[in-house]
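Survey of secondary and tertiary structure
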Amino acid sequence: SSVSAPLLRSALRALVSQGSAAQKVFVEHIRSRLREYAPLFIPAEELFKNQENAAGFLSSIRCLFSSKLVQDSLPYFVHFIQSISDASLRWSDGGAQELMFEEVCGDVVQAIQALKESCPERTPELQRLLLDLRSALQGCMNYCRAGGLVYPFGRALLQVNDALHGFFPAVTFHDNDSILSDLQSDVQIDAKAAGKLEYVQLGPKLNVPRLFNGLWQMSSPAWGSASSYKQDAALRQLITAGLVVTDMADHYGDAELIYGSFRNRLTEDVGRHVFAATKWCVFRALDAPVTAEFVLDAVKERARRVGGRVDLLQFHWYDPSNKDYLIILAELVEITKSHPHLVSAIGLCNFDSESMAEACEYIIAKTGYVGIVSNQVQYSLIDGRPKMKMAAVCQKYGVYLLTYGSFCGGFLSEKWLGEKSPAIYSESACLTPSQRKYFDMIMAWGSWSDFQVLLHTLKSIADSHDVELSNVATRWVLDNPEVGAVIVGTRLGVSSNIESNVKVFNLRLTAEETGSIDKVSLGDHLAGLYGKVGDCGHEYRD
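None of the values given here were measured: they were computed from a predicted structure.

To continue, consider helix H8 (residues 154-167). Its 14 residues give H8 an end-to-end C-alpha distance of 20 Å, which sits within 8% of 20 Å, the value for a rise of 1.5 Å per residue. Most of H8 is tucked away: twelve of the 14 residues are buried. Within H8 the residues assigned to the buried category are Gly-154, Arg-155, Ala-156, Leu-157, Leu-158, Gln-159, Val-160, Asn-161, Asp-162, Ala-163, Leu-164 and Phe-167.

As structure tokens, then:
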């Protein structure tokens, strides 16, 4: 009872992070309490009387869907959104109320994504709940347009429509295009900026920049939320800069929907130079036999979500001992030939060296050629595991690596130079989910003191080239011949680092500089990390 609330929350985060057993006890306890003491519906005039009332109500909603009571949370979202017009609210661009609504929009996106991934029973009650939420979102859009207000829930409405389409295909509506119809599409690629980038050829069809825009951050509001208008503006900035490839996945919240809507509003001349890379991720045993029709349906679903052709479809498989993945990959490669309007190229995601080699050999036996153009894996100065075995497999089969985690969630930056090791579960540390993930990787690689030595080495080199520390870290990854491109995590509409990131293409490391980096990054650190974690992708195995 004498423990402060922030310290108690930090302790709970640490406990819950210890594994599924601890999480189960915690979530079940919260669920039972929430069902016993359900949050109250606050009248509209009271809900927005002050910031505290609204914040408390929203906190209750977040408790519900975070405790896997998503369906229970939906009526509360409906009430909150309907109360906006009931209270005749008005708000200014960039004001506190608009920012709160953007957070709520992110909450709806996350809640509906959790609902999709839970594979609920398709009951009339679920259909009613989703239709009620859609009606509330649609009503708020009408209210905003009539009052000349910026509509803050475009992302949420797209996500709810997508859920209804997936769960109840018989429910039809045709307003997806109208949701974001007032967003701009007059973007042009700056030829001068694009000419300064480096490019890589992925298979016969894709010649792409060596920096991809990564949208993993859209899988959770924990990285910050932005309206569809701000996200659209951010995408236009990326395309203008020549960064025309965006990496997504089926479980990255509404990333595919937002990007698909954006791409389909581009002019044909620009759109044909803009590429969608997404994923088909299988995290558990399939509940259907692997047939050509099954695989084609999965491809069609990804193409539907991105609103057109998938330029690079990357496949993730949960268990390499289940060899169904070989059949699926061979079918995917065949679909690039039989249905080129759906998918252009096939890649892998988090495959280890052995499984990637096995897949390449199987596809060669079936089709006469490799058919796989890439494998997306973690690769950085902290995580050099691809050097152990993966690089040789890439060289043998002509497959490139698309790397994530190359910034270690932002740890490989001057911000952390000279700083103390963060308390990762403390509220005051303000760490993102990716930073908590990569902090664990840093600790598996070495100590915080070792990490500071690495940062000082990078800083010294960066200063000599008049670039940023993170540019040196990225250049080191790009200089490995097995690497095709680095995926840069993008907090779409929240922050932008375009100008900083493209500086990497003006940087050339000398052999001496690379050697000094290798000395503090690889060696015993790499061997120790490989011994603890295993090959690429093994960190995701149970």
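Next comes the rest of the description.
Another point: the sheet that holds strand E10 (residues 483-489). The strand order around the closed barrel formed by eight strands is E3-E4-E5-E6-E7-E8-E9-E10, and the pairing between neighbours is parallel. Here the average twist between neighbouring strands, direction ignored, is 30°. Of the strand pairs in this sheet, strand E6 (residues 310-317) and strand E7 (residues 343-349) are connected by five bridges, and their pairing is parallel. Paired with Val-310 across the two strands is Val-343, which belongs to E7. On the sheet, helix H15 (residues 324-338) packs against strand E5 (275-282), E6, E7 and strand E8 (372-378) and is oriented at approximately 155° with respect to E7.

Moving on to the pattern of salt bridges. Scanning all chains against the criterion turns up 30 salt bridges. Its salt-bridge partner being Lys-116, residue Asp-162 comes within 2.7 Å of it at the nearest N-O pair. In this pair, Asp-162 is assigned in helix H8 and Lys-116 in helix H6 (residues 96-117), connecting sequence segments 46 residues apart. Across this residue pair, the class does not change: Asp-162 and Lys-116 are buried. Taking the shortest distance from any N to any O, the salt bridge between Arg-265 and Asp-232 comes out at 2.8 Å.

This next bit is on the packing of helix H5 (residues 70-86) against helix H7 (residues 124-147). Close contact between H5 and H7 brings their axes to 9 Å; oriented N to C, the two are set at 20°. Classified by the angle between their axes, H5 and H7 sit roughly parallel to one another. At the point where H5 passes H7, the crossing takes the left-handed sense. Counted together, Gln-71, Leu-74, Pro-75, Phe-77, Val-78, Ile-81, Gln-82, Ile-84 and Ser-85 of H5 and Leu-126, Leu-129, Leu-130, Asp-132, Leu-133, Ala-136, Leu-137, Cys-140 and Tyr-143 of H7 form the full contact between these two elements. Of the residues that constitute the contact of H5 with H7, the class distribution is 14 nonpolar, three polar and one charged.

Below, the discussion takes up the state of the cysteines. Under the definition given, this model contains zero disulfides. Cys-140 provides the cysteine sulfur closest to Cys-105, a residue in no disulfide bond, and the two sulfurs are 10 Å apart. Accessibility expressed as a relative area gives 1% for Cys-105, which makes it buried.

Now for the nonpolar core. Counting 124 residues, the largest nonpolar core has Phe-315, Leu-329, Leu-332 and Phe-451 as the members making the most contacts within it. Residue contacts for Leu-329: discarding those within four places in its chain leaves Phe-315, Ile-346, Leu-348, Phe-351, Ala-359, Ile-363 and Ile-372. Listed in part, the 48 residues of the second largest apolar core include Phe-48, Leu-58, Ile-61 and Val-70.

Looking now at the pairing of E5. Most of E5 is tucked away, with eight of its eight residues classed as buried. Relative to E5, strand E4 (residues 245-247) runs parallel, the two being bridged by three bridges. By the bridge assignment, Asp-247 is partnered in E5 with Ala-277. Relative to E6, E5 is paired through six bridges, and the arrangement is parallel. Each residue of the ladder has a partner; that of Thr-278, found in E6, is Leu-313. Assessed by its sense of winding, the connection that carries the chain from E5 through helix H14 (residues 292-305) to E6 is right-handed.

The next point concerns the packing of aromatic side chains. Considering all chains together, one arrives at 26 aromatic pairs under this definition. Measuring from centroid to centroid gives 6.4 Å for Trp-317 and Tyr-325, while their planes differ by 40°, and the two rings are tilted. The pair Trp-317 / Tyr-325 is uniform in exposure class, with both members buried. Here the aromatic rings of Phe-411 and Phe-451 are separated by 6.4 Å at their centres, their planes lie at 90°, and the arrangement is edge-to-face. You can see Phe-411 sitting in the loop between strand E9 (400-404) and helix H18 (433-445) and its partner Phe-451 sitting in helix H19 (residues 448-465), a full 40 residues away along the chain.

Attention shifts here to the side chain of Arg-134. Checked against the element boundaries, Arg-134 lands in helix H7. A relative accessible area of 15% means that Arg-134 is categorised as buried.

A few words now on unusual backbone geometry. Peptide bonds are, in most cases, trans, and in most cases residues other than glycine have a negative phi. Not every positive phi belongs to a glycine, and Cys-119 is a case in point at roughly 50°. For Cys-119, a relative accessible area of 53% puts it in the exposed group. Positive phi is not limited to glycine here, since Cys-408 has a value of about 50°. In this fold, Cys-408 is placed in the loop between E9 and H18.

With that settled, consider the side chain of Ser-521. Position of Ser-521 among the secondary structure elements: in helix H22 (residues 511-521). At 2.4 Å, the side chain of Ser-521 forms a polar contact with the backbone oxygen of Leu-381. Ser-521 has contacts with Leu-381, Trp-445, Leu-454 and Leu-526, leaving out every residue within four places of it along the chain.

Along the polypeptide, Arg-128 turns up in helix H7. For the pair Arg-128 and Ser-464, spaced 336 residues apart in the sequence, the C-alpha separation amounts to 62 Å. Looking at Arg-128, its side chain comes within polar contact range of the side chain of Glu-125, at 2.7 Å. A distance of 2.8 Å separates polar atoms of two side chains, one belonging to Arg-128 and the other to Asp-132.

Quick notes on the rules
- Residues numbered from 1 in each chain as written.
- Predicted model: local features only at pLDDT ≥ 70, side-chain atom pairs only at ≥ 80, totals over all residues.
- Heavy atoms only, no water.
- Helix = DSSP H or I, 4+ residues; strand = E, 2+ residues; numbered from the N terminus.
- Expected span 1.5 Å × (residues − 1).
- Buried < 20%, exposed > 50% of the residue type's maximum accessible area, 1.4 Å probe, protein only.
- Pairing = 2+ DSSP bridges.
- Axes fitted to C-alpha atoms, helices over the stretch in contact; angles between N-to-C directions.
- Contact = heavy atoms within 4.5 Å.
- Salt bridge = Lys/Arg side-chain N within 4 Å of Asp/Glu carboxyl O.
- Parallel < 35°, antiparallel > 145°, perpendicular 65-115°, else oblique.
- Left-handed = near helix turned anticlockwise from the far one by under 90°.
- Nonpolar A, V, L, I, M, F, W, Y, C, P; charged D, E, K, R; others polar.
- Disulfide = S-S within 2.5 Å.
- Core = buried A, V, L, I, M, F, W, Y, C linked by side-chain atoms within 4.5 Å.
- Right-handed = clockwise from strand over helix to strand, strands pointing away.
- Phe/Tyr/Trp six-rings, centres within 6.5 Å; stacked < 30°, edge-to-face > 60°.
- Polar contact = N/O pair within 3.5 Å; in protein donor to acceptor, adjacent residues only side chain to side chain.

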